[in-house]
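Listed below, chain by chain, are the residues.
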Amino acid sequence: MSMTNVEVLRAYAAMAALSHKMVAAAAAADWDGLEALEAQVAEQVAALRGNEARVVLDAGERQQKLDLIKQILDDDRQVRDLTMPWMAQLSKLINNTGTERRLAAAYGAV
């Protein structure tokens, strides 16, 4: 099924709205909500895949698409900025737990 110009732009607008919600979820440390929103974005991407190449946008529509993509990328950067400290902390905890296990295996429980 081929998408129309309007449907393509609606899909980008939906992704932009979802990416904005992702920023809010990351700021609130709502990791389950963030994951659910990521799944919704993936659905939008899947809907676009293969259809978008068949759509010819006029200059105004191309600019609208570009503006939406810029917003999505900006939101993505904000999500990464918010999640990187949490990911680093999680990595540190995992590494510490692994070290503790190796020590316990090597020297036994104290």
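Residues numbered from 1 in each chain as written. Predicted model: local features only at pLDDT ≥ 70, side-chain atom pairs only at ≥ 80, totals over all residues. Heavy atoms only, no water.

Novice: Would you mind showing me how to read the nonpolar core here?
Specialist: For soluble globular proteins, nonpolar side chains are generally found buried alongside one another. In terms of nonpolar packing, the biggest core is built from 20 residues, with Val8, Tyr12, Met15, Met22, Leu34, Leu48 and Val79 touching the most fellow members. Sorting the residues of this core by element identifies helix H1 (5-27), helix H2 (31-48) and helix H3 (59-107) as the ones contributing at least two each. Sorting elements by how many residues they give to this core places H1 first, with ten residues. Not counting the four nearest positions on each side in its chain, Met22 is found in contact with Leu34, Leu37, Glu38, Val41 and Val79. (Core = buried A, V, L, I, M, F, W, Y, C linked by side-chain atoms within 4.5 Å. Buried < 20%, exposed > 50% of the residue type's maximum accessible area, 1.4 Å probe, protein only. Helix = DSSP H or I, 4+ residues; strand = E, 2+ residues; numbered from the N terminus. Contact = heavy atoms within 4.5 Å.)

Novice: When you look at the packing of H1 against H2 in this model, what are you seeing that I'm missing?
Specialist: Between two packed helices, both the angle of their axes relative to each other and the distance between the axes serve to describe the pair. Remark: H1 packs on H2, axes separated minimally by 9 Å, with the N-to-C direction vectors making an angle of 165 degrees. As summarised for this structure, H1 and H2 are arranged roughly antiparallel, according to the angle between their axes. Along this stretch, H1 crosses H2, giving a crossing that reads as left-handed. Within the contact between the two elements, H1 uses Val8, Ala11, Tyr12, Ala14, Met15, Leu18, Lys21, Met22, Ala25 and Ala26 and H2 uses Trp31, Gly33, Leu34, Leu37, Glu38, Gln40, Val41, Gln44, Val45 and Leu48. Its residues placed into classes, the contact of H1 with H2 shows 15 nonpolar, three polar and two charged. (Axes fitted to C-alpha atoms, helices over the stretch in contact; angles between N-to-C directions. Parallel < 35°, antiparallel > 145°, perpendicular 65-115°, else oblique. Left-handed = near helix turned anticlockwise from the far one by under 90°. Nonpolar A, V, L, I, M, F, W, Y, C, P; charged D, E, K, R; others polar.)

Novice: Help me understand H2 in this model?
Specialist: An ideal rise of 1.5 Å per residue puts 26 Å on 18 residues; H2 measures up with 26 Å between its terminal C-alpha atoms. Following H2 by one or two positions, Gly50 adopts a phi angle in the positive range, close to 90 degrees. (Expected span 1.5 Å × (residues − 1).)

Novice: Even after reading the chapter, I still don't get H1, so can you show me in this structure?
Specialist: An α-helical turn contains 3.6 residues, so any two residues separated by three or four positions project in the same direction. Between its first and last C-alpha, H1 extends 33 Å over 23 residues, near the 33 Å set by a 1.5 Å rise per residue. With its phi angle positive at about 55 degrees, Ala29 sits one or two positions after the end of H1.

Novice: It is not clear to me how the environment of Arg10 should be interpreted in this structure. Could you clarify?
Specialist: Of note, Arg10 is situated in helix H1. Residue class for Arg10 comes out exposed when judged on its relative accessible area of 58%. Taking the C-alpha atoms as reference points, Arg10 and Gln44, 34 residues apart in sequence, are found 9.8 Å from one another.

Novice: Even after reading the chapter, I still don't get the side chain of Thr83, so can you show me in this structure?
Specialist: Looking at the secondary structure, you find Thr83 in helix H3. Beyond its immediate chain neighbours, meaning those up to four positions away, Thr83 contacts Ala26, Trp31 and Leu34.

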